Structures are given as C-alpha cells and as structure tokens.
Amino acid sequence: MAFREPYTEIAQFAQQRDKKDRVFETLAYFDCVNFARRARATAFFSVGMIDDICPPSTVYAAYAGEK
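Predicted model, so just to flag it, every value in this text is computed and none were measured. (Residues numbered from 1 in each chain as written. Predicted model: local features only at pLDDT ≥ 70, side-chain atom pairs only at ≥ 80, totals over all residues. Heavy atoms only, no water.)

Asks: Kindly report on the overall build of the protein chain, identifying the contributing residues and their values.
Replies: Check the secondary structure of the protein chain and you find 3 helices and 0 strands. Along the chain direction, N to C, the helices and strands of the protein chain fall in the order α-α-α. Taking all 67 residues of the protein chain together, 10% fall into the buried category. In the protein chain, 62% of the contacts between residues at least 6 apart in sequence involve partners at least 24 apart. (Helix = DSSP H or I, 4+ residues; strand = E, 2+ residues; numbered from the N terminus. Buried < 20%, exposed > 50% of the residue type's maximum accessible area, 1.4 Å probe, protein only. Contact = heavy atoms within 4.5 Å.)

As structure tokens, then:
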C-alpha cells in the first residue's frame, strides 16, 4: 500500500511474530477509522492522490467509516 514509514515499519514486525497481537492492538489506537463513527461534527476530507506517506486508500477508510 505504501512504501515509506510509518507503513514499512509494520512489515518489520513480521520478523517478530510472537509480538504480532500486541503490535496490532497498539496500531488500533492510531487508526482513524476506529474513531470515525464517534465524530459528531461536520468533517471535510482531503486526499493527495500521489501521497506516498498517507495513500488515498487509507483516507477512504476513515471517510467510509464516518458514514
């Protein structure tokens, strides 16, 4: 999906499979899609189509979760 940090760091955890559950538990705190349904204010979403740090597909997940 993305070829730069922080996404590439996730692939590095594949070498530490014994910590996989903890890694994904921690990542859930930073995934905006988990908070989208709790939003009560009007929101504007913007996407940089060639953004290699925050790809469009990651923004769409938060947008779709908001609906």
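Asks: Any chance you could break down the environment of Tyr63 for me, citing the residues and the numbers?
Replies: Within the secondary structure layout, Tyr63 lies in helix H3 (residues 56-66). For Tyr63, a relative accessible area of 31% translates into the label partly exposed. As a C-alpha pair, Tyr63 and Phe45 span 18 residues in sequence and 7.0 Å in three-dimensional space.

Asks: Any details on the environment of Pro6? Residues and values, ideally.
Replies: Here Pro6 lies in the segment before helix H1 (7-12). On the accessibility criterion, Pro6 (45% relative accessible area) is partly exposed. Taking the C-alpha atoms as reference points, Pro6 and Cys54, separated by 48 residues in sequence, lie 9.2 Å from one another.

Asks: Mind laying out a nonpolar patch on the surface, listing which residues take part and the relevant values?
Replies: A cluster of nonpolar side chains, namely Ile10, Phe13 and Phe24, defines an oily patch on the protein surface of about 260 Å² accessible area. In this fold, Phe24 is placed in helix H2 (residues 20-28). (Patch = residues over 30% accessible without salt bridge, like charges linked within 9 Å, V, L, I, M, F, W, Y side chains within 5 Å. Areas by Shrake-Rupley, 256 points an atom, 1.4 Å probe, with all protein chains shown as cover. Salt bridge = Lys/Arg side-chain N within 4 Å of Asp/Glu carboxyl O.)

Asks: Could you give me a rundown of the environment of Val47, with the residues and numbers involved?
Replies: Along the chain, Val47 turns up in the loop between H2 and H3. The exposure class assigned to Val47 is partly exposed, which follows from its relative accessible area of 38%. Separated by 11 residues in the primary sequence, Val47 and Thr58 place their C-alpha atoms 9.4 Å from one another.

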